[in-house]
Amino acid sequence: MPTPTDELRALEATHILQVYRRLPIAFARGKGSYLYDIDGREYLDLVSGIGVASLGHAHAGLAAALADQARTLVHTSNLYYHSLQGQVASRLAKLSGLPRAFLCNSGAEAVEGCLKFARRYWHTRGETNRKGIVALERSFHGRTFGALSVTWDEHYRTPFAPLVDGVTFVPPDDPAALMAAVSPTTAAIIIEPIQGEGGVWPLTPTFARTIDEICQQTGTLLIADEVQCGLGRTGHPFYFSVLGLRPQLVAIGKALGGGMPVAAALISQEVAAAIAFGDHGSTYGGNLLACRAALVFLDALVDGGVLAQVRRTGAHLERGLRSLASRQTRILDVRGAGLLWGIELNSDAAPVVDAALGRGLLINRTAGTVVRLLPPLTITEAEIDSALSMLEAALATLRVGVS
Ligand code: PLP
């Protein structure tokens, strides 16, 4: 007798493009840091839809605002004004120090916008040969052609070649290689202040200093991709400022809508001045529903105390992970900040993800051997303790000596 999960898997197997290797589980509802599958089983969610459900699931304020907005007006396009885009952009300007925003729908689109605006800047200034982009090994910036072109993993890239021209990759811990790669034809350097998909690697202060120096010396623009690590995830509005970086372009997404698809490219005044009407656009970008969600999130982050809460809970999570690593020989390294952590194992992380799932804990594997934690920003210390004990139990199921 097929279960309801078997039935929906069979339907998807026939009609959904098979690009996702899903875990065999279907969720029906959520509340705070918990998700419930269609059979009513409870899971503590340390994935939050890959860093998206920033305020937890079924957040009452977000639900009420979306319902109200849906009853009032959802979408009008960018042919006209509405009252919410400017409010979102001005709050983002306050948080980032970058005065302008281009609103869009996904992280890849935000990156795409940043790449286009960087090239447009040099074009406007008459330096039409400045088109090169320097990106980092281990990077992930998204799946559209531009974003894919600055994404490192060959597995994602090769089937779709040729990609956008003019991209050079350098190792993320090699200042000399970076200096050698930046030339008078380089338009921009693109970095993730904490590389997320690549295995949760914060850039080192030394490497960040080199980036800053080279950008100041050559005028090369800096694009900070904070789609995963930005907007409070690390306990700071943006991680670029922790590293002392001064980007002209910042890509954000994920946490911004608390689950609604909304993202943005944040832009310095100097770059914005080089962009003309018609240079870029999006039908959906910054529609009323998306902006309403972003306003709820930004309110909660700053005035609602979520940022301060992440500093506290992030420190609690870090202490717990370091203590776990001291007891668990399978853990080689623990990296991250705030509520973004990677636990590097001495073997494939997939069996740990499966064992955790069996215990009612959702965690995620990235870069093969890394368990990544991206809980809702609203997770409590008690929930973190409960997650850590389930994680420890999941790690204990690995056969000793297998790697
Ligand atoms: N940039 C970074 C750093 C990301 O982590 C991601 C997604 O994981 C993206 C860009 C792409 O975002 P999206 O999947 O919303 O297009």
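The structure this text deals with has already been given above.
None of these values were measured; they are calculated from a predicted model. (Residues numbered from 1 in each chain as written. Predicted model: local features only at pLDDT ≥ 70, side-chain atom pairs only at ≥ 80, totals over all residues. Heavy atoms only, no water.)

A. Structural detail: the pairing of strand S10 (residues 221-225). Most of S10 is tucked away: 5 of the 5 residues are buried. Every second residue of S10 is oriented toward a common face, with Leu221, Ile223 and Asp225 on one face and Leu222 and Ala224 on the other, all of them buried. Where strand S7 (residues 186-191) and S10 come together, 4 bridges link them in parallel fashion. Bridge pairing links Ile189 to Leu222 in S10. Across 3 bridges, S10 lies against strand S11 (residues 249-252) in parallel orientation. Of the residues in S11, the one forming a bridge with Ile223 is Leu249. (Buried < 20%, exposed > 50% of the residue type's maximum accessible area, 1.4 Å probe, protein only. Helix = DSSP H or I, 4+ residues; strand = E, 2+ residues; numbered from the N terminus. Pairing = 2+ DSSP bridges.)

B. Fine view of the side chain of Thr151. Mapped onto the elements of the fold, Thr151 is located in the loop between helix H6 (145-149) and helix H7 (154-157). Here Thr151 is in contact with Ser139, Phe140, His141, Gly142, Tyr156, Arg157 and Phe169, once residues within four sequence places are set aside. (Contact = heavy atoms within 4.5 Å.)

C. Highlighting the site of the ligand. As a structural note, the neighbourhood of the ligand is formed by Ser106, Gly107, Ala108, Phe140, His141, Gly142, Glu192, Glu197, Asp225, Val227, Gln228 and Lys254. Measuring from a nitrogen atom of the ligand, one finds a side-chain N or O atom of Asp225 at 2.6 Å. Protein chains bury 81% of the 390 Å² of accessible surface belonging to the ligand in isolation. Taken together, the residues of the shell around the ligand sort by class into 3 nonpolar, 5 polar and 4 charged. (Near = heavy atom within 4 Å. Polar contact = N/O pair within 3.5 Å; in protein donor to acceptor, adjacent residues only side chain to side chain. Areas by Shrake-Rupley, 256 points an atom, 1.4 Å probe, with all protein chains shown as cover. Nonpolar A, V, L, I, M, F, W, Y, C, P; charged D, E, K, R; others polar.)

D. Fine view of the packing of aromatic side chains. Inspection of the entire model under this criterion finds 6 aromatic pairs. For the pair Phe102 and Phe117, a centre-to-centre distance of 5.9 Å together with 75° between the ring planes defines the contact as edge-to-face. Here Phe117 lies in helix H5 (residues 107-124) and Phe102 lies in strand S4 (residues 100-104), a separation of 15 residues in the sequence. With a relative accessible area of 4%, Phe117 lands in the buried category. Judged by centre distance (5.3 Å) and plane angle (65°), the rings of Trp152 and Phe169 are edge-to-face. Of the two residues, Trp152 is situated in the loop between H6 and H7 and Phe169 in strand S6 (residues 167-170); the sequence distance between them amounts to 17 residues. Take Trp152: its relative accessible area is 35%, and that puts it in the partly exposed class. Using a relative accessible area of 18% as the deciding quantity, one classes Phe169 as buried. Just above the ring of Trp201 sits the side chain of Arg138; from NZ or CZ to the centre is 4.0 Å. Against the face of Tyr156 rests Arg143, its NZ or CZ located 4.1 Å from the ring centre. (Phe/Tyr/Trp six-rings, centres within 6.5 Å; stacked < 30°, edge-to-face > 60°. Lys NZ or Arg CZ within 6 Å of the ring centre and 35° of its normal.)

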